[in-house]
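# Structure assessment
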Amino acid sequence: MKNKILVNVYVPKLLETYDVYIPVNERMARVKELLMKAVYDLSDSSFELADEHYLIEALSGSIYPDNTVVRDTNIKNGSKVILF
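Structure report, in brief. Quick caveat, the model's predicted, so the values are computed rather than measured.

What counts and how
- Residues numbered from 1 in each chain as written.
- Predicted model: local features only at pLDDT ≥ 70, side-chain atom pairs only at ≥ 80, totals over all residues.
- Heavy atoms only, no water.
- Helix = DSSP H or I, 4+ residues; strand = E, 2+ residues; numbered from the N terminus.
- Buried < 20%, exposed > 50% of the residue type's maximum accessible area, 1.4 Å probe, protein only.
- Expected span 1.5 Å × (residues − 1).
- Arc of directions from axis to C-beta.
- Contact = heavy atoms within 4.5 Å.
- Salt bridge = Lys/Arg side-chain N within 4 Å of Asp/Glu carboxyl O.

Its identity as a non-glycine residue notwithstanding, Leu15 has a phi of 55°, on the positive side. Residue position: Leu15 is located in the loop between β1 (4-11) and β2 (16-23). The backbone of Asp44 sits at a positive phi, close to 55°, despite the residue not being glycine. Structurally, Asp44 can be placed in the loop between α1 (28-42) and β3 (55-57). Residue classification places Asp44 among the exposed residues on the basis of a relative accessible area of 68%.

Rendered as structure tokens:
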């Protein structure tokens with residue numbers, strides 16, 4: 001899977017962690033949308049789909065800008081992100 005990266009997504013609202021593949025050629029806004037839908041499905045609809053969510057780098061706590069492409073970030077296989 002050259003075009004996808006496996007990331008560990010922590011969702012504080014649910015106190016759950018999910019391993020999800022994300023596309024490297026998409027903008028973070030689209031990735032956030034895809035992750036929200038995946039978490040919604042994986043959590044049996046317990047996760048609220050809303051625009052107010054942020055993708056945060058787990059180590060530094062910095063928010064990933066929506067207009068940045070994944071391949072231009074420090075995200076790589078095994079990275080931990082927070083969907084807040």
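What follows is about α1. Three- or four-residue spacings in an α-helix give side chains the same orientation, since the helix completes a turn every 3.6 residues. The end-to-end C-alpha distance of α1 is 20 Å, a good match for the 21 Å that 15 residues give at a rise of 1.5 Å each. Met28, Val31, Lys32, Leu35, Met36 and Val39 are the residues of α1 that are buried. Axial view of α1: buried residues confined to an arc of 140°, hence all on one face. Contacts made by the buried residues of α1 are with β1, β2, β3 and β4 (80-83). Count one or two residues on from α1 and you reach Asp44, which has phi positive near 55°.

Under the definition given, this model contains three salt bridges. With its nearest N and O atoms 2.6 Å apart, the salt bridge here joins Arg30 to Glu33. With Arg30 and Glu33 both in helix α1 and three residues apart, the pair spans about one turn of that helix. A residue is classified by how much of its surface remains accessible, and Arg30, at 34% relative accessible area, is partly exposed. We note a salt bridge from Glu33 to Lys37, for which the minimum N-O separation is 3.9 Å. Of this pair, Glu33 and Lys37 are both found in helix α1, four residues apart, which corresponds to roughly one turn of the helix. According to the relative accessible area criterion, Glu33 is partly exposed, its value standing at 34%. Because the salt bridges share partners, they merge into one network encompassing Arg30, Glu33 and Lys37.

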